[in-house]
Amino acid sequence: MGQFESFIGVDFWTALFILLNTLAIFFVARKFLFGPVHKMIEDRQKEIDGMYADAGKAKADAKAMQTKYEKKLAGARETSERMVKEAMARGQKREEEIVRGANAQASSILAKAAADAELQKKKAMNEAKNEIAEVAVAIAGKVVGRELRPQDQAELVDHFIDELGDKA
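Cut-offs used in this document
Position labels on residues start from 1 in each chain and follow its written sequence. Given that this is a predicted model, residues contribute local features only at a pLDDT of at least 70 and side-chain atom pairs are listed and counted only at 80 or more, while totals for whole chains, interfaces and linings are drawn from all residues. Side-chain measures were taken over the full set of non-hydrogen atoms in the model, leaving aside hydrogen atoms and water. Aromatic rings from Phe, Tyr and Trp, taking only the six-membered ring of Trp, are treated as a pair when their centres fall within 6.5 Å; an angle between ring planes under 30 degrees marks them as stacked, one over 60 as edge-to-face, and anything in between as tilted. Relative accessibility under 20% of the residue-type maximum defines a buried residue, over 50% an exposed one, and the middle range a partly exposed one, all with a 1.4 Å probe and only protein chains included. Two joining distances apply to patches: 9 Å for like charges and 5 Å for nonpolar side chains (Val, Leu, Ile, Met, Phe, Trp, Tyr), and every residue must have over 30% relative accessible area and no salt bridge. Accessible surface area values rest on a Shrake-Rupley calculation with a 1.4 Å probe, where residue burial reflects the displayed protein chains alone. Here, a salt bridge means any side-chain nitrogen of Lys or Arg that lies within 4 Å of a carboxyl oxygen of Asp or Glu. Two residue types count as positive, namely Lys and Arg, and two as negative, namely Asp and Glu; His and chain ends fall outside the count. By convention, the charge on Lys lies at NZ, on Arg at CZ, on Asp at CG and on Glu at CD. Every helix listed is a DSSP run of H or I at least four residues long, and every strand listed is a run of E at least two residues long, numbered separately from the N terminus.

1. Focus: the packing of aromatic side chains
- In total, this model carries three aromatic pairs according to the counting rule given.
- Seen from their ring centres, F26 and F27 are 5.6 Å apart, and the 65° between their planes marks the pair as edge-to-face.
- For F26, a relative accessible area of 40% gives the class partly exposed.
- Counting every residue linked through ring pairs, the aromatic cluster contains F26, F27 and F34.

Take a look at the structure:
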C-alpha cells in the first residue's frame, strides 16, 4: 500500500478525517443553514401564495364592481333616455298648447275684426240712409212744391228707406 499512497498521495487516516469533517459540516449546515433557509423559502412561498390569493380576491372584487357599475351605467342610460323622451313629450305638448292658443287668439281677432267690419258697414249704411233720406225729403219737397208735414215726411222717408233696403 505504500506505493499506492505515494502515487496518489492520500493517507487513509487523512481521508477518513476529511470524510468525518465533511459529514460534520453537512450535519451542522443542515441543522443551522438548511433548516432556516428551508423555513425562509416556505415563508416566502406562503407569502407569494397569499399575494396570489389576495390578487385573485381583488380581481373577483373588481369584476363584481365592474358588473355593478355596468348595471348602474345601464340604469343611468335608461333613466336619461326616459328623461329625454319625457322632456320631448312635454315640449311637444307645450308646443301644441301654444299653437292652439295662437289659433284661438287668431280666430278671436278675426271674429272681432269681422264683427267690427259688420258694425262699420251697418253704421255706414245708416249714415247713407240718413243722408239719402234728407236728400229725398228735400227733393220731394221741391217736387211737391210745398212744405211737408212731419208725419208725411216720416212716411216718405220710411217708404224710401224700405225700397232702398230691398234693392241693397
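Moving on from the coordinates now.
2. Focus on a negative patch on the surface
- Where like charges cluster on the molecular surface, the negative patch consists of E155, D158, D162 and E163.
- Mapped onto the elements, E155 comes out in helix α3 (residues 150–167).

3. Digging into the pattern of salt bridges
- All chains considered together, the criterion is met by four salt bridges.
- Ionic pairing is found between R94 and E97, a salt bridge with its closest N-O pair at 3.6 Å. Of this pair, R94 and E97 are both found in helix α2 (residues 12–144), three residues apart, which corresponds to roughly one turn of the helix.
- Here R94 falls in the partly exposed class, since its relative accessible area comes to 49%.

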